[in-house]
Amino acid sequence: SRQVIRARTPPASISLARNEKEPLQLAVRSAEALKRVRVEVAPPVGPGGARIDDLEVNVVGYVPIDYPTNYYRSDTPTWHRKIPQQAPACDGWAGMWPDPLLPRDTFDLAANTTQPIWITVGAGKETPAGDYSGKVRLVSGGQTVAEVPFAVHVWDFALPDENHVAAIY
């Protein structure tokens with residue numbers, strides 16, 4: 001039987017307005033390999049027993065990058081193969097880079113590696129303002145192997161349904 005690891009730090013915390021979604025990212029690491037680790041999120045409970053049930057769990061995937069590079073511009077047609085002409089002025093390195101959010105709540109964890117998980121919390125237009133507390137459990141082999149408390153602060157205002165602020169991305 002495994003010992004349940006409980007966070008020894010203050011709860012992870014996020015804040016959001018009503019009608020907004022915000023992410024909470026946790027990095028999971030273990031000295032031993034764990035198979036089929038499932039992420040379970042206890043909905044945060046707040047003022048008067050109000051619950052935030054709009055929760056989405058994603059596992060962060062990795063993309064292999066085989067050449068250190070940074071952003072560059074090319075005027076060649078999109079179908080041309082891009083071949084670096086000089087040494088990179090790099091903002092990174094070759095290797096596995098975290099990027100996609102995979103739509104799943106289960107993953108295998110190799111020993112001594114870090115696996116990020118991404119939990120998106122959404123407050124509705126009518127969610128009561130205040131402080132909420134929830135818990136993330138990691139379950140493997142039918143046993144809870146870790147528990148991490150988290151706190152959510154909901155501000156007393158709502159964002160509009162449409163955003164009219166220009167963004168560059």
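What you see as residue numbers is a count from 1 along each chain, following the sequence as written. Per-residue local features of the predicted model are confined to residues with pLDDT of at least 70, and side-chain atom pairs are confined, for both listing and counting, to 80 or more; whole-chain, interface and lining totals are unaffected and use all residues. To get the side-chain values, take all heavy atoms of the structure and skip hydrogens and water.

Novice: Looking at this model, I keep getting lost on the nonpolar core. Mind explaining?
Specialist: Looking at soluble globular proteins, one finds that nonpolar side chains tend to be buried together. Think of a nonpolar core as a cluster: buried Ala, Val, Leu, Ile, Met, Phe, Trp, Tyr and Cys residues, connected wherever their side-chain atoms sit within 4.5 Å. Burial status follows relative accessibility: with a 1.4 Å probe on protein chains alone, a residue under 20% of its type maximum counts as buried, one over 50% as exposed, and anything between as partly exposed. Counting 28 residues, the largest nonpolar core has I117, I119 and V152 as the members making the most contacts within it. Those elements that place two or more of their residues in this core are β2 (12–18), β3 (20–29), β4 (34–45), β5 (54–65), β7 (106–109), β8 (114–123), β9 (130–140) and β10 (143–158). Broken down by element, this core gets its largest block of residues, 5 residues, from β10. Not counting the four nearest positions on each side in its chain, I119 is found in contact with E22, P23, L24, L26, V41, E56, V57 and V136. The helix and strand labels rest on DSSP assignments: H or I over at least four residues marks a helix, E over at least two residues marks a strand, and numbering proceeds from the N terminus. Between two residues, a contact is recorded if the distance between any of their heavy atoms is within 4.5 Å.

Novice: Would you take a moment to explain the pattern of salt bridges for this structure?
Specialist: Close approach of charged atoms allows side chains of opposite charge to pair. Put simply, a salt bridge is a Lys or Arg side-chain nitrogen that is within 4 Å of an Asp or Glu carboxyl oxygen. One pass over the full model with this rule turns up 6 salt bridges. Between R38 and E40 there is a salt bridge; the shortest N-O distance is 2.2 Å. Notably, a salt bridge pairs R51 with D53, separated by 2.8 Å at the nearest N-O pair. What makes R51 partly exposed here is its relative accessible area of 49%.

Novice: Just checking my understanding: could you explain the environment of A27 for this structure?
Specialist: Along the chain, A27 falls in strand β3. Remark: the alpha-carbon pair of A27 and T114, spanning 87 residues in sequence, is separated by 6.2 Å. Beyond its immediate stretch of four places on either side in the chain, A27 contacts T114, Q115 and P116.

Novice: Explain a nonpolar patch on the surface here, please?
Specialist: Here, patches come from residues exposed beyond 30% relative accessible area and free of salt bridges, joined within 9 Å for like charges and within 5 Å for nonpolar side chains (Val, Leu, Ile, Met, Phe, Trp, Tyr). The accessible surface values rely on the Shrake-Rupley method and a 1.4 Å probe; as for residues, cover is taken only from the protein chains in view. Nonpolar side chains collect at one region of the surface, where W155, F157 and L159 lie side by side and expose about 290 Å² of accessible area between them. Within the secondary structure, W155 is located in strand β10. Residue classification places W155 among the partly exposed residues on the basis of a relative accessible area of 41%.

Novice: What am I meant to see in the side chain of R18 here?
Specialist: Inspection of the secondary structure assignment puts R18 in strand β2. Residue contacts for R18: discarding those within four places in its chain leaves A123, G124, K125, T127, P128, A129, V154, W155, D156, F157, A158 and L159.

Novice: Mind showing me how you'd approach unusual backbone geometry here?
Specialist: Note: most residues except glycine have negative phi, and most peptide bonds are trans. One non-glycine residue with positive phi stands out, namely N19, at about 65°. Following the sequence through the fold, N19 ends up in the loop between β2 and β3. Look at N19 and you get partly exposed, because its relative accessible area is 25%.

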